[in-house]
Each structure stands twice: as structure tokens, then as C-alpha cells.
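Structure at a glance
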Amino acid sequence: MEEQIKMIKQTSEKEIASAKELKALEDLRVKYLGKKGELTAVLRGMKDLTPEQRPVIGSLVNEVRDELEKQIREKEAKLKQELLNKKIESEKIDITLPSTKVRRGSLHPVTRIIEDMEDLFVSMGYDVVQGPELETDEFCFERLNLPKGHPARDMQDSFYITDEYLLRTQTSSVQARTMIANTEKTPIRMITCGKTYRREDDATHSHQFNQIEGLVVDKKERNVSLADLKGTLEVFVRKIIGANLDLRFRPSYFPFTEPSYEVDVTCFKCGGKGCNLCKQTGWIELLGAGMVHPNVLKMNGYNPDEFGGFAFGTGIDRLAMFRYGITDMRYLYTNDVRFLNQFDRKDEE
Ligand code: FA5
């Protein structure tokens, strides 16, 4: 029996050494060490041995089994390493090849203005809120003191989807939505930025444009006044467009504010001398603003005897034109990369 064990050791060692694949190695493990393997068969035959022979043969079998297991483990590690080496070799990357050029994008000028405006107003304690672009007549007009048939609607109402739904013409709709959502909770300090739509199209008007709206409502005793509105607008215009621009505050009319006014800025193209862009006036209209009309407060859940505030709204595209010296608003929407490339990291330089 000792002879038989030695034979098994010799042949199995040879076979393990010459195994070329993991599968073949596994087959050898089963052949010699498995339940029905040759070495296991020897162990089973031990019952026929004399008591003196048993421990001798038993320890020999164990020794051979340990040795074979060790050799299989080592061979397995070797074969795995060889496989890995082959894989690495076949997947080798040639780092000397020239790379494909990564084209760096940049933020659109309108996006930059929106981000800067949000940062500025958040730093002044405002919340940034959102409203729907597909708006109801109620929120776009009625709750802003523009009942059906009001003549001031003619300047804006366009792009109706049904009698009740339209693409919002102004972000002022978010004023009403914010007040309704808060009912007599104060203070409200919010800004909202988003797309608005009107049937207009020339160098300073687009059928789709972006507006930013601001609203402050607080208790009467806290005296939110026209001076606060004026101060806020000065900070924003000078911070976002340019410190040395002149502002002109001019009385105006909006159904949702009383008193109302418009803020004009020096024409950036002619510096105020008068040109085709500013229609020879030297000024370009920038925004509308005023103190929230008592009817608007009342219609949206605030008692006008106890609450007051101010609101303002402006076109973001126009801000972009001022800041970057763009003379035709339509460039902002034609997606010409030659145009957009000019703003690549421009602010950071
Ligand atoms: C309004 O839309 C008011 N909702 C603003 C307001 C808000 C007043 C809160 C009072 C209180 P107006 O129609 O003037 O007002 O438009 C405001 C700004 O949007 C304009 O000054 C201009 O900058 C921009 N704007 C208006 N129409 C266009 C257009 N077609 N294309 C680009 N920008 C436009």
C-alpha cells in the first residue's frame, strides 16, 4: 500500500506541474483528492490493514494529501497570475497617442446673471422660489388687479393655450402664488427667476425672455417704504450691471403696484448721447417696480391696513445685454457657438 501511495504522489505531482489551465487543475484535484478520488480510495481500504500498519499508512496518506493540496494551491496562483498578465498585456493603453481634445463649455450669459442675482438676493435674506410657466389667467392677471377686460392686459396677453391657461407673460404671477401660500405670514422676501412669453420680436424684445421678480411684504409697523425699494434696486443694478451706470427713477403705472415707477439705465451703446438702440433718448428701460397695491394684498390673503410691501420685475436678458454689451437680444437665443464662446469665463478674468 505504501508503494501505491508513492505512485499516486509521483504521477499526480507530474500532472499538476504540467497542467496548463485552471479547469485541468480542478479536474486533477477531484481525481486525487475528491470524494471518489484515488487517495480517498486508499483511506477507505485501510480497514483491511493490521492495527500496526494503520497509523503508519494513515499519516503517510495525510502527508501526501497536504503536499498535493499545497502544490495545487501554488499552481492555481501561478495560472491565475499568468491569466492576469495576459489580460493586462492585451489591454495595454498606448499613452503616447495624442488625446482627443476636450471642448470646454461655459455658462450661458443668462444663466450667469440668474446665478449672480440669486446669490445677491439670498445674501440680503430673500428666498428663491419657483412658479409655473404655463399659468392660469387668474394668477397671471386677475389676482394682480388686472380683471378680464382691463385695458393694461392688451400690452401682454398672448400665447393662450385655452381661455384659462396661457404661457405666463410676467413672473409677477409668482407674487400672487407666494402670498396665497403664506396668508398673513410675514415677512415675505422672495425672488423668482424664469421664462416669460409675449408676442414681441425686435432688437430689445424677444417672444421668449427671462424675468426676475422680487416681492417684500411685511407688517405695516415695520415701515417697508419706497426708500427701501430704491435702495434695494440701486444695490442690485450697481452690483449686477455696473457700478458707474446712472439710474433714472420715473413715475409709471402698473395695475399691481401703487405708486409705480420705472427704472431706466444709461444706454450702454451711446453712453447717453442718443442712438438707434435707445431710440435717441440716451436711456434704456430696465425694470418696473412699486409698492404692492392694496387690492393685490387683499385678493391674496393680506389685510392692506395691516400689511404693506414692494415689488419689482425686470428682464434678465436685458441685464445680460447691459453687462456684456450685447446689442441684439436675439443673439442670446440663436445658439451660435462663436457668439457664446466670447463669454467663456469672461467674468473671472
Ligand atoms: C412687467 O412685466 C411687470 N410685471 C414688472 C413689475 C413687477 C412691475 C413688479 C411692478 C412690480 P414690463 O412689461 O415693463 O413689466 O416688463 C418688465 C421688464 O421685462 C422690462 O423692463 C424688460 O426688461 C423686460 N421685457 C419685457 N418685455 C420683453 C421682451 N419682449 N423681451 C425681453 N425683455 C422684455
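Our subject is the structure that appears above.
Computed from a predicted model, the values in this text were never measured in an experiment.

A look at helix α5 (residues 109-123)
Across its 15 residues, α5 extends 21 Å between first and last C-alpha, which sits within 8% of the 21 Å expected from 1.5 Å per residue. All of the buried residues along α5 are Pro109, Val110, Arg112, Ile113, Ile114, Met117, Leu120 and Phe121. Buried positions along α5 lie against β4 (188-197), β5 (208-219), α8 (226-240), β9 (307-315), α10 (316-324) and α11 (337-340). Looking at the residues trailing α5, positive phi occurs at Gly125, about 95°.

A closer look at the state of the cysteines
Counted according to the given criterion, the structure contains zero disulfides. Between Cys140, a free cysteine, and Cys193, which holds the nearest cysteine sulfur, the sulfur-to-sulfur gap is 17 Å. Exposure remark for Cys140: the relative accessible area of 0% places this residue in the buried category. Cys267 carries a free sulfur, and the closest cysteine sulfur to it, the one in Cys270, is 3.6 Å from it.

Focus: the packing of α5 against α10
With their axes 9 Å apart at the nearest point, α5 and α10 run at an angle of 100° to one another. Classified by the angle between their axes, α5 and α10 sit roughly perpendicular to one another. Along the contact surface, α5 presents Pro109, Val110, Arg112, Ile113, Ile114, Asp116 and Met117, while α10 presents Ile316, Asp317, Leu319, Ala320, Arg323 and Tyr324. Each residue belonging to the contact of α5 with α10 can be placed in one class, and the counts come to nine nonpolar, no polar and four charged.

Quick look at the site of the ligand
Taken together, 27 residues are adjacent to the ligand, and Gln170, Ser172, Arg198, Glu200 and Glu285 come closest. The separation between a nitrogen atom of the ligand and a polar side-chain atom of Gln170 is 2.7 Å. Contacts to the ligand include Arg198, whose side-chain N or O atom sits 2.7 Å from an oxygen atom. Notes on the ligand: free accessible area 660 Å², of which the protein chains cover 95%. Residue assignment for the shell around the ligand shows that the elements contributing at least two residues are β5, β8 (283-292) and β9.

Regarding the packing of aromatic side chains
Summed over the entire model, instances satisfying the criterion amount to ten aromatic pairs. Measuring from ring centre to ring centre gives 5.4 Å for Tyr331 and Phe339, while their planes differ by 25°; the resulting arrangement is stacked. What makes Tyr331 partly exposed here is its relative accessible area of 43%. The buried category is assigned to Phe339, whose relative accessible area is 10%. When the ring centre of Phe139 is taken as origin, the NZ or CZ atom of Arg177, which lies over that ring, is 4.0 Å away. Stacked on the ring of Phe249, the Lys or Arg Lys230 has its end atom at 5.0 Å from the ring centre.

A closer look at the pattern of salt bridges
Counted under the stated rule, the structure contains 21 salt bridges. As a salt-bridge pair, Asp137 and Lys148 come within 3.7 Å of each other at their nearest N and O atoms. Taken together, the residues Asp137 in helix α6 (residues 137-140) and Lys148 in the loop between α6 and β3 (165-167) connect sequence positions eleven residues apart. By sharing partners, the salt bridges in this structure join Asp137, Glu142, Lys148, Arg153 and Glu164 into a single network.

Topic: the sheet that holds β5
Where strands meet in a sheet, backbone hydrogen bonds hold them as pairs that are either parallel or antiparallel. On the basis of which strands lie adjacent, the open sheet formed by seven strands has the order β1-β4-β5-β9-β8-β7-β6 and mixed pairing. The open sheet terminates on both sides in strands that have one partner only, identified here as β1 (127-128) and β6 (247-254). In the sheet, β8 pairs with β9 via five bridges, with the strands oriented antiparallel. When the bridges of β9 are listed, Gly288 appears paired with Gly313. Along the sheet face, α5 touches β1, β4, β5 and β9 and points at about 170° away from the line of β4.

Rules of the game
Residues numbered from 1 in each chain as written. Predicted model: local features only at pLDDT ≥ 70, side-chain atom pairs only at ≥ 80, totals over all residues. Heavy atoms only, no water. Helix = DSSP H or I, 4+ residues; strand = E, 2+ residues; numbered from the N terminus. Expected span 1.5 Å × (residues − 1). Buried < 20%, exposed > 50% of the residue type's maximum accessible area, 1.4 Å probe, protein only. Contact = heavy atoms within 4.5 Å. Disulfide = S-S within 2.5 Å. Axes fitted to C-alpha atoms, helices over the stretch in contact; angles between N-to-C directions. Parallel < 35°, antiparallel > 145°, perpendicular 65-115°, else oblique. Nonpolar A, V, L, I, M, F, W, Y, C, P; charged D, E, K, R; others polar. Near = heavy atom within 4 Å. Polar contact = N/O pair within 3.5 Å; in protein donor to acceptor, adjacent residues only side chain to side chain. Areas by Shrake-Rupley, 256 points an atom, 1.4 Å probe, with all protein chains shown as cover. Phe/Tyr/Trp six-rings, centres within 6.5 Å; stacked < 30°, edge-to-face > 60°. Lys NZ or Arg CZ within 6 Å of the ring centre and 35° of its normal. Salt bridge = Lys/Arg side-chain N within 4 Å of Asp/Glu carboxyl O. Pairing = 2+ DSSP bridges.

On their own, these measurements won't tell you what the molecule is for.
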